[in-house]
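Working through the structure, step by step
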Amino acid sequence: MTTLPPGAPAGRVILVGAGPGDPDLLTLRAARALSMADVVVHDGLIDPAVLDLAPAGARRISVAKRRARHTLPQAAINALLVAEAQTGATVVRLKGGDPFVFGRGGEEAAAVRAAGIAVEVIPGISAALGGAAQAMLPLTHRDHASAVSFVAGQCQGLAEQNWAGLAGHGRTLVIYMGVATATQIADKLIADGVAPDMPVAVLERVTLAGARAMKTLLADLGAMVAREQVQSPAVIVVGAVVELSDAQSRLAAFARQAEMEAGA
(Lines give C-alpha, C1' and ligand atoms only; values in the text may rest on other atoms or scores of the structure.)
Protein backbone atom coordinates (compact mmCIF):
# COMPACT_ATOMS: atom_id res chain seq x y z
CA MET A 1 0.00 0.00 0.00
CA THR A 2 1.20 3.54 -0.76
CA THR A 3 1.77 5.85 2.21
CA LEU A 4 -0.45 8.90 1.86
CA PRO A 5 0.93 12.40 2.51
CA PRO A 6 -0.43 14.22 5.59
CA GLY A 7 -3.86 15.74 4.97
CA ALA A 8 -4.51 13.79 1.77
CA PRO A 9 -8.01 12.35 1.24
CA ALA A 10 -8.23 8.74 2.42
CA GLY A 11 -9.34 7.48 -0.97
CA ARG A 12 -7.97 4.30 -2.48
CA VAL A 13 -8.14 2.18 -5.59
CA ILE A 14 -8.62 -1.60 -5.58
CA LEU A 15 -7.89 -3.43 -8.84
CA VAL A 16 -10.15 -6.48 -8.78
CA GLY A 17 -10.03 -9.47 -11.10
CA ALA A 18 -13.60 -10.51 -11.90
CA GLY A 19 -12.58 -13.81 -13.46
CA PRO A 20 -13.51 -15.14 -16.90
CA GLY A 21 -17.25 -14.51 -16.68
CA ASP A 22 -19.07 -16.88 -14.33
CA PRO A 23 -19.91 -14.88 -11.17
CA ASP A 24 -19.34 -18.03 -9.05
CA LEU A 25 -15.61 -17.81 -9.89
CA LEU A 26 -15.22 -14.45 -8.17
CA THR A 27 -12.99 -14.71 -5.09
CA LEU A 28 -14.32 -13.99 -1.60
CA ARG A 29 -11.81 -11.16 -1.27
CA ALA A 30 -13.08 -9.61 -4.51
CA ALA A 31 -16.66 -9.83 -3.27
CA ARG A 32 -15.69 -8.10 -0.02
CA ALA A 33 -13.95 -5.32 -1.93
CA LEU A 34 -17.04 -4.75 -4.07
CA SER A 35 -19.21 -4.55 -0.97
CA MET A 36 -17.13 -1.56 0.22
CA ALA A 37 -17.04 0.31 -3.10
CA ASP A 38 -18.17 3.90 -3.47
CA VAL A 39 -17.35 3.83 -7.20
CA VAL A 40 -17.03 0.85 -9.54
CA VAL A 41 -15.10 1.43 -12.77
CA HIS A 42 -15.73 -1.69 -14.83
CA ASP A 43 -14.98 -3.42 -18.12
CA GLY A 44 -17.78 -4.09 -20.58
CA LEU A 45 -17.96 -7.88 -20.22
CA ILE A 46 -18.54 -7.97 -16.47
CA ASP A 47 -21.61 -10.02 -15.54
CA PRO A 48 -24.41 -7.86 -14.03
CA ALA A 49 -24.55 -10.28 -11.09
CA VAL A 50 -21.00 -9.25 -10.19
CA LEU A 51 -21.84 -5.55 -10.40
CA ASP A 52 -24.82 -6.19 -8.10
CA LEU A 53 -22.38 -7.09 -5.30
CA ALA A 54 -21.55 -3.39 -4.99
CA PRO A 55 -23.79 -1.26 -2.73
CA ALA A 56 -26.90 0.08 -4.42
CA GLY A 57 -25.64 3.62 -3.97
CA ALA A 58 -22.23 3.00 -5.54
CA ARG A 59 -21.68 4.77 -8.84
CA ARG A 60 -20.99 2.43 -11.75
CA ILE A 61 -18.82 3.74 -14.59
CA SER A 62 -18.34 1.59 -17.70
CA VAL A 63 -15.06 1.91 -19.58
CA ALA A 64 -15.92 -0.86 -22.04
CA LYS A 65 -13.35 -1.70 -24.69
CA ARG A 66 -13.89 -3.48 -27.96
CA ARG A 67 -11.54 -4.20 -30.81
CA ALA A 68 -10.67 -0.88 -32.52
CA ARG A 69 -13.13 1.02 -30.29
CA HIS A 70 -12.48 2.27 -26.77
CA THR A 71 -14.96 4.23 -24.66
CA LEU A 72 -11.97 5.87 -22.96
CA PRO A 73 -8.29 5.64 -23.90
CA GLN A 74 -6.10 4.04 -21.24
CA ALA A 75 -4.61 7.35 -20.12
CA ALA A 76 -8.11 8.67 -19.48
CA ILE A 77 -9.01 5.58 -17.44
CA ASN A 78 -5.88 6.09 -15.34
CA ALA A 79 -6.83 9.74 -14.76
CA LEU A 80 -10.40 8.75 -13.88
CA LEU A 81 -9.23 6.33 -11.18
CA VAL A 82 -6.97 8.98 -9.68
CA ALA A 83 -9.62 11.71 -9.78
CA GLU A 84 -12.28 9.53 -8.12
CA ALA A 85 -9.91 8.38 -5.37
CA GLN A 86 -8.80 11.95 -4.71
CA THR A 87 -12.35 12.72 -3.56
CA GLY A 88 -11.81 10.22 -0.73
CA ALA A 89 -13.78 7.42 -2.40
CA THR A 90 -13.00 3.71 -2.38
CA VAL A 91 -12.73 2.99 -6.09
CA VAL A 92 -12.99 -0.60 -7.31
CA ARG A 93 -11.53 -1.06 -10.78
CA LEU A 94 -13.28 -4.24 -11.89
CA LYS A 95 -11.48 -6.06 -14.69
CA GLY A 96 -12.27 -9.28 -16.52
CA GLY A 97 -9.97 -12.20 -15.76
CA ASP A 98 -6.90 -11.16 -13.79
CA PRO A 99 -5.76 -7.51 -13.65
CA PHE A 100 -2.15 -8.44 -14.40
CA VAL A 101 -2.79 -10.81 -17.34
CA PHE A 102 -3.36 -8.64 -20.43
CA GLY A 103 -5.54 -6.36 -18.31
CA ARG A 104 -3.30 -3.26 -18.21
CA GLY A 105 -3.47 -3.50 -14.45
CA GLY A 106 0.23 -2.70 -14.22
CA GLU A 107 -0.29 0.62 -15.99
CA GLU A 108 -3.24 1.54 -13.79
CA ALA A 109 -1.49 0.58 -10.55
CA ALA A 110 1.56 2.64 -11.55
CA ALA A 111 -0.57 5.70 -12.33
CA VAL A 112 -2.38 5.48 -9.01
CA ARG A 113 0.86 5.04 -7.06
CA ALA A 114 2.43 7.99 -8.89
CA ALA A 115 -0.47 10.16 -7.66
CA GLY A 116 0.28 9.17 -4.06
CA ILE A 117 -2.91 7.14 -3.69
CA ALA A 118 -3.18 3.78 -1.95
CA VAL A 119 -3.70 0.87 -4.35
CA GLU A 120 -4.37 -2.83 -3.86
CA VAL A 121 -4.60 -5.67 -6.37
CA ILE A 122 -6.94 -8.64 -5.94
CA PRO A 123 -6.16 -11.41 -8.45
CA GLY A 124 -8.80 -13.19 -10.50
CA ILE A 125 -9.05 -16.42 -12.46
CA SER A 126 -7.81 -15.71 -15.97
CA ALA A 127 -9.68 -16.74 -19.12
CA ALA A 128 -7.00 -19.33 -19.89
CA LEU A 129 -7.34 -21.02 -16.51
CA GLY A 130 -11.14 -20.85 -16.45
CA GLY A 131 -11.50 -22.11 -20.01
CA ALA A 132 -8.98 -24.89 -19.60
CA ALA A 133 -10.70 -26.14 -16.45
CA GLN A 134 -14.11 -26.04 -18.08
CA ALA A 135 -12.88 -27.99 -21.11
CA MET A 136 -10.88 -30.47 -18.98
CA LEU A 137 -7.75 -29.31 -20.80
CA PRO A 138 -4.66 -29.35 -18.54
CA LEU A 139 -2.28 -26.60 -19.61
CA THR A 140 0.62 -28.55 -18.12
CA HIS A 141 0.96 -32.32 -17.80
CA ARG A 142 4.05 -34.22 -16.80
CA ASP A 143 3.74 -36.51 -19.82
CA HIS A 144 3.04 -33.78 -22.37
CA ALA A 145 3.97 -30.23 -21.31
CA SER A 146 6.26 -28.83 -18.63
CA ALA A 147 5.95 -25.18 -19.73
CA VAL A 148 3.12 -22.84 -20.64
CA SER A 149 3.33 -19.38 -22.22
CA PHE A 150 0.74 -16.63 -22.65
CA VAL A 151 0.84 -14.19 -25.56
CA ALA A 152 -1.43 -11.53 -27.06
CA GLY A 153 -2.51 -12.23 -30.62
CA GLN A 154 -3.83 -8.73 -31.29
CA CYS A 155 -1.07 -6.19 -31.04
CA GLN A 156 1.15 -4.01 -33.16
CA GLY A 157 4.03 -5.72 -34.92
CA LEU A 158 2.63 -9.24 -34.54
CA ALA A 159 4.57 -10.58 -37.53
CA GLU A 160 7.85 -9.20 -36.20
CA GLN A 161 7.55 -10.70 -32.72
CA ASN A 162 9.72 -13.69 -31.88
CA TRP A 163 7.57 -16.61 -30.73
CA ALA A 164 10.21 -19.24 -31.45
CA GLY A 165 10.26 -21.87 -28.72
CA LEU A 166 6.88 -20.92 -27.23
CA ALA A 167 5.02 -23.84 -28.80
CA GLY A 168 6.07 -27.35 -29.75
CA HIS A 169 7.17 -30.51 -28.00
CA GLY A 170 6.68 -30.27 -24.24
CA ARG A 171 5.22 -26.76 -24.38
CA THR A 172 1.76 -25.21 -24.35
CA LEU A 173 1.00 -21.83 -25.87
CA VAL A 174 -2.12 -19.85 -24.92
CA ILE A 175 -3.08 -16.95 -27.17
CA TYR A 176 -5.41 -14.21 -25.98
CA MET A 177 -7.23 -11.89 -28.40
CA GLY A 178 -6.29 -14.05 -31.38
CA VAL A 179 -9.61 -14.58 -33.15
CA ALA A 180 -9.20 -11.78 -35.70
CA THR A 181 -5.60 -12.79 -36.48
CA ALA A 182 -5.97 -16.59 -36.30
CA THR A 183 -4.71 -17.17 -39.84
CA GLN A 184 -1.65 -14.97 -39.34
CA ILE A 185 -0.96 -16.67 -36.00
CA ALA A 186 -1.02 -20.14 -37.58
CA ASP A 187 1.22 -19.01 -40.43
CA LYS A 188 3.62 -17.42 -37.98
CA LEU A 189 3.90 -20.50 -35.76
CA ILE A 190 4.38 -22.84 -38.71
CA ALA A 191 7.05 -20.54 -40.14
CA ASP A 192 8.75 -20.61 -36.71
CA GLY A 193 8.92 -24.40 -36.83
CA VAL A 194 5.74 -25.63 -35.14
CA ALA A 195 4.33 -28.70 -36.92
CA PRO A 196 1.22 -27.98 -39.01
CA ASP A 197 -0.51 -30.96 -37.39
CA MET A 198 -0.03 -29.64 -33.85
CA PRO A 199 -3.36 -29.89 -31.97
CA VAL A 200 -5.16 -26.62 -31.33
CA ALA A 201 -8.24 -25.73 -29.29
CA VAL A 202 -10.33 -22.58 -29.47
CA LEU A 203 -12.24 -21.83 -26.26
CA GLU A 204 -15.05 -19.35 -26.84
CA ARG A 205 -17.06 -17.51 -24.12
CA VAL A 206 -15.33 -19.52 -21.42
CA THR A 207 -17.40 -20.29 -18.27
CA LEU A 208 -20.42 -18.49 -19.74
CA ALA A 209 -23.66 -19.82 -21.16
CA GLY A 210 -23.08 -20.75 -24.79
CA ALA A 211 -19.42 -21.60 -24.23
CA ARG A 212 -17.81 -23.63 -27.01
CA ALA A 213 -14.58 -25.60 -27.28
CA MET A 214 -13.42 -26.54 -30.77
CA LYS A 215 -10.44 -28.70 -31.70
CA THR A 216 -8.49 -28.77 -34.93
CA LEU A 217 -4.91 -28.78 -36.22
CA LEU A 218 -2.70 -25.72 -36.44
CA ALA A 219 -2.82 -25.61 -40.25
CA ASP A 220 -6.64 -25.43 -40.10
CA LEU A 221 -6.88 -22.82 -37.33
CA GLY A 222 -7.81 -19.80 -39.44
CA ALA A 223 -10.23 -21.79 -41.57
CA MET A 224 -11.95 -23.26 -38.53
CA VAL A 225 -12.37 -19.86 -36.87
CA ALA A 226 -14.08 -18.64 -40.05
CA ARG A 227 -16.06 -21.86 -40.54
CA GLU A 228 -17.39 -21.91 -36.99
CA GLN A 229 -17.89 -18.13 -36.91
CA VAL A 230 -15.94 -17.85 -33.68
CA GLN A 231 -16.51 -14.60 -31.82
CA SER A 232 -14.48 -12.88 -29.13
CA PRO A 233 -13.91 -13.35 -26.26
CA ALA A 234 -11.99 -16.53 -26.96
CA VAL A 235 -8.58 -18.02 -26.24
CA ILE A 236 -6.52 -20.32 -28.43
CA VAL A 237 -4.52 -23.20 -26.96
CA VAL A 238 -1.71 -24.78 -28.98
CA GLY A 239 -0.03 -27.99 -27.83
CA ALA A 240 -0.24 -31.73 -27.30
CA VAL A 241 -2.31 -31.21 -24.14
CA VAL A 242 -5.27 -30.33 -26.37
CA GLU A 243 -5.66 -34.03 -27.12
CA LEU A 244 -6.34 -34.66 -23.42
CA SER A 245 -9.37 -32.38 -23.42
CA ASP A 246 -12.81 -33.83 -22.87
CA ALA A 247 -14.23 -30.57 -24.11
CA GLN A 248 -17.41 -31.59 -25.87
CA SER A 249 -18.84 -33.76 -23.10
CA ARG A 250 -17.77 -31.25 -20.45
CA LEU A 251 -19.37 -28.32 -22.25
CA ALA A 252 -22.54 -30.31 -22.93
CA ALA A 253 -22.81 -31.01 -19.20
CA PHE A 254 -22.16 -27.34 -18.46
CA ALA A 255 -24.95 -26.32 -20.84
CA ARG A 256 -27.40 -28.74 -19.21
CA GLN A 257 -26.51 -27.40 -15.77
CA ALA A 258 -27.01 -23.81 -16.94
CA GLU A 259 -30.43 -24.69 -18.35
CA MET A 260 -31.46 -26.36 -15.09
CA GLU A 261 -30.31 -23.36 -13.04
CA ALA A 262 -32.14 -20.96 -15.37
CA GLY A 263 -35.35 -22.94 -14.92
CA ALA A 264 -35.02 -23.16 -11.14
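The structure displayed is predicted, hence computed values, not measured ones.

What follows deals with the overall build of the protein. Regarding its fold elements, the protein presents 8 helices and 12 strands. Counting every position in the protein, which comprises 264 residues, the buried fraction comes to 46%. Contacts in the protein between residues at least 24 apart in sequence constitute 68% of all its contacts with a sequence separation of at least 6. Entry remark: accessible area of the protein is about 12,700 Å², with carbon and sulfur atoms responsible for 56%.

Moving on to the sheet that holds strand S3 (residues 59-62). A sheet is described by the order of its strands in space; here 5 strands give the open sequence S3-S2-S6-S1-S7, paired in parallel fashion. Whereas interior strands pair on both sides, the edge strands pair on one side only; in this sheet they are S3 and strand S7 (118-122). Here the strands of the sheet are splayed against their neighbours by 20° on average, with no regard to which way each runs. Two elements, strand S2 (residues 39-42) and S3, share 4 bridges in a ladder whose sense is parallel. By the bridge assignment, His 42 is partnered in S3 with Ser 62. Each of strand S1 (12-17), S2, S3 and strand S6 (90-95) is contacted by helix H3 (residues 74-85), which is oriented at about 150° to S6, the strand it contacts most.

Membership of the largest hydrophobic core comes to 24 residues, with the highest contact counts inside it found for Ile 175, Leu 189, Val 202, Leu 221 and Val 238. At the level of elements, strand S9 (170-176), helix H6 (182-191), strand S10 (199-204), helix H7 (221-227) and strand S12 (234-238) are the ones that each hand at least two residues to this core. If you tally residues by element for this core, the top one is H6, at 4 residues. Look past the residues within four positions of Ile 175 in its chain and what remains in contact with it is Val 151, Gly 153, Trp 163, Ile 185, Leu 189, Ala 234, Val 235, Ile 236 and Val 238.

Pairs can form between side chains of opposite charge once their charged atoms are near each other. On inspection of all chains with the given rule, the structure shows 8 salt bridges. In this structure, Glu 108 and Lys 95 form a salt bridge, with 3.1 Å as the shortest nitrogen-oxygen distance. Taken together, the residues span a long stretch of sequence, with Glu 108 in helix H4 (residues 105-114) and Lys 95 in strand S6 at a distance of 13 residues. The class for Lys 95 is buried, based on a relative accessible area of 2%. Salt-bridge contacts for Arg 212 lead to Glu 204; the nearest nitrogen and oxygen are separated by 2.6 Å. Under the relative-accessibility criterion, Glu 204 is labelled buried at 5%.

What follows deals with the sheet that holds S10. In spatial order, the strands read S8-S9-S12-S10-S11; together these 5 strands make up an open sheet with mixed pairing. Only two strands of the sheet have a single partner each, and these edge strands are strand S8 (145-152) and strand S11 (212-217). With strand direction ignored, the average angle separating the axes of adjacent strands in the sheet is 20°. Those strands touched by helix H5 (residues 127-134) are S8, S9, S10 and S12, and its axis lies near 115° from that of S9.

Turning our eyes to something else, we now look at unusual backbone geometry. Between Ser 232 and Pro 233 the backbone carries a cis peptide bond, its omega angle lying at 5°. Relative to the assigned elements, Pro 233 resides in the loop between H7 and S12. Of note, the phi angle at Arg 205 is positive, near 50°, even though the residue is not glycine. You can see Arg 205 is positioned in the loop between S10 and S11. Judged by relative accessible area, which is 34%, Arg 205 ranks as partly exposed. Located in the positive-phi region is Gln 229, a residue other than glycine, with phi close to 55°. Mapped onto the elements of the fold, Gln 229 is located in the loop between H7 and S12.

Before going further, it helps to examine a nonpolar patch on the surface. A surface patch of nonpolar side chains, about 260 Å² in accessible area, is lined by Phe 102, Phe 150 and Met 177. Residue Phe 102 is classed as partly exposed on the basis of its relative accessible area of 39%.

This part takes up H5. In terms of burial, H5 is largely enclosed, as 6 of its 8 residues are buried. Those residues of H5 not exposed but buried are Ala 127, Ala 128, Gly 130, Gly 131, Ala 132 and Gln 134. Taken from the residues just after H5, Met 136 is the one with a positive phi, measuring 55°.

Glancing now at the environment of Ile 77. As for its placement among the helices and strands, Ile 77 is situated in helix H3. With a relative accessible area of 0%, Ile 77 lands in the buried category. Considering only alpha carbons, one finds Ile 77 and Val 63, 14 residues apart in sequence, at a separation of 7.4 Å. In contact with Ile 77, other than residues within four places in its own chain, are Val 63, Lys 65, Leu 72, Arg 93 and Glu 108.

Cut-off values and rules
Residues numbered from 1 in each chain as written. Predicted model: local features only at pLDDT ≥ 70, side-chain atom pairs only at ≥ 80, totals over all residues. Heavy atoms only, no water. Helix = DSSP H or I, 4+ residues; strand = E, 2+ residues; numbered from the N terminus. Buried < 20%, exposed > 50% of the residue type's maximum accessible area, 1.4 Å probe, protein only. Contact = heavy atoms within 4.5 Å. Areas by Shrake-Rupley, 256 points an atom, 1.4 Å probe, with all protein chains shown as cover. Pairing = 2+ DSSP bridges. Axes fitted to C-alpha atoms, helices over the stretch in contact; angles between N-to-C directions. Core = buried A, V, L, I, M, F, W, Y, C linked by side-chain atoms within 4.5 Å. Salt bridge = Lys/Arg side-chain N within 4 Å of Asp/Glu carboxyl O. Patch = residues over 30% accessible without salt bridge, like charges linked within 9 Å, V, L, I, M, F, W, Y side chains within 5 Å.

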